[in-house]
Amino acid sequence: MKTNKKIAVAVLGLAAAGASSLASAATWTFNNTASNTQGGVTATASAWGNTVGSANTALEGGFLTYNGSSGLGVKNKDYANGDTSEGINPEHAIDNDQRKDSILFSFTGDKVSLSSTSFGWVSQDSGYKDSDYSVYAYTGAGVGSLAGLTYTDAAMLAAGWALVGHYQGGSSAGAKPISSSLYSSYWLIGALNGTNDSKKDAFKLISVSGSTCKDSPGGSGCGGGGGGQIPEPGTLLLVGIGLLGLTRATRRRSPR
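Residues numbered from 1 in each chain as written. Predicted model: local features only at pLDDT ≥ 70, side-chain atom pairs only at ≥ 80, totals over all residues. Heavy atoms only, no water.

**Points about the overall build of the protein**
Here is step 1 of the chain: A count of helices and strands for the protein gives 3 helices and 14 strands.
Here is step 2 of the chain: Burial statistics for the protein: of 256 residues in total, 47% are counted as buried.
Here is step 3 of the chain: For the protein, the proportion of contacts with a sequence separation of at least 24, taken over those separated by at least 6, is 73%.
Here is step 4 of the chain: When the accessible area of the protein is evaluated, it comes to approximately 11500 Å², of which 55% is carbon and sulfur surface. (Helix = DSSP H or I, 4+ residues; strand = E, 2+ residues; numbered from the N terminus. Buried < 20%, exposed > 50% of the residue type's maximum accessible area, 1.4 Å probe, protein only. Contact = heavy atoms within 4.5 Å. Areas by Shrake-Rupley, 256 points an atom, 1.4 Å probe, with all protein chains shown as cover.)

Here is the structure:
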């Protein structure tokens, strides 16, 4: 009986700890900056594009563009290699004209489950007028590396990245949803990397929002790499209450 009571108290304590391990929702805003800290969690943005060679497949780092309240854009490595159109409106935004631009958000402090992003600007240029976007989260062990990775769903999956979704963003700026229960230190958001309609996509990203989970950086989940999650505090609380009830029932049935 004493053992059951000790277990129940321990589980209730774990439930309380689990509840405190989940921080409040946060929004990281990128107004002329590549990093932002909220609640002790820092998000750092870096630019990427599938610009290795001429096959438009492998990823390498690019250059962020800073556009005030419109948000972050990307000039990919084609700009450094003499492409005069890259870096000129709308190709200073995150776009998928020829190459597919994306931004990697690396979080330090806690892991993050993103629930939305916000575009401060969507191109209205002829042929664009759309903001379809793709989202990936790193679920492997260690650091979420992108350099040299072939930018396809299958290759990303093989390298430890999970496809969160290909989304239709529409022709207007504002909040855009991300539907996922994953927690990760690395999130990639880019112009649509998949089947597209007749419009090209070009937008600038001003913020990302989500909830945090206290854990060391790297991989996914709140219990380490590979997606391990701590039990929900509510579940732990129910288990603890059940054990306490069992302890009391046993006490009533015990002979005096």
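**Considering the pattern of salt bridges**
Side chains bearing opposite charge may pair, as long as their charged atoms lie close to each other.
Here is step 1 of the chain: Within this structure, the stated rule accounts for 2 salt bridges.
Here is step 2 of the chain: Salt-bridge contacts for Arg99 lead to Asp78; the nearest nitrogen and oxygen are separated by 2.9 Å. Of this pair, Arg99 sits in the loop between strand E7 (94–95) and strand E8 (101–108) while Asp78 sits in the loop between strand E6 (72–75) and E7; the two residues are 21 residues apart in sequence, bridging distant segments of the chain.
Here is step 3 of the chain: Since its relative accessible area comes to 10%, Arg99 is described here as buried.
Here is step 4 of the chain: On the basis of relative accessible area, Asp78 is assigned to the buried category, the value being 12%. (Salt bridge = Lys/Arg side-chain N within 4 Å of Asp/Glu carboxyl O.)

**Focus on unusual backbone geometry**
Here is step 1 of the chain: Phi is positive for Gln98, close to 70 degrees, though the residue is something other than glycine.
Here is step 2 of the chain: Of note, Gln98 is situated in the loop between E7 and E8.
Here is step 3 of the chain: A residue is classified by how much of its surface remains accessible, and Gln98, at 54% relative accessible area, is exposed.
Here is step 4 of the chain: Even without glycine at this site, Lys129 takes up a positive phi of about 50 degrees.
Here is step 5 of the chain: Relative to the helices and strands, Lys129 is located in the loop between strand E9 (111–122) and strand E10 (133–138).

**Comments concerning the confidence of the model for the protein**
Here is step 1 of the chain: Per-residue confidence for the protein averages 81 on the pLDDT scale, and 75% of its residues sit at or above 70.
Here is step 2 of the chain: Note on residues 14–21: pLDDT under 50 across the span, and 11 contacts to partners over four residues away in sequence or across chains.
Here is step 3 of the chain: Low pLDDT, under 50, characterises residues 223–241; the predicted model gives this stretch 36 contacts beyond four residues in sequence or across chains. (pLDDT = per-residue confidence, 0-100.)

**With respect to the pairing of E9**
Here is step 1 of the chain: With 9 of its 12 residues buried, E9 lies for the most part within the structure.
Here is step 2 of the chain: In this structure, E9 lies alongside strand E14 (residues 202–213), joined through 10 bridges in antiparallel fashion. Note that in E14 the partner of Ser113 across the bridge is Ser211.
Here is step 3 of the chain: Looking at chain direction, E9 and strand E12 (residues 174–177) are connected through 4 bridges and run antiparallel. (Pairing = 2+ DSSP bridges.)

**Describing the environment of Gln168**
Here is step 1 of the chain: Tracing the sequence through the fold places Gln168 in the loop between strand E11 (161–167) and E12.
Here is step 2 of the chain: Apart from residues no more than four positions distant in its own chain, Gln168 is found in contact with Asp132 and Tyr133.

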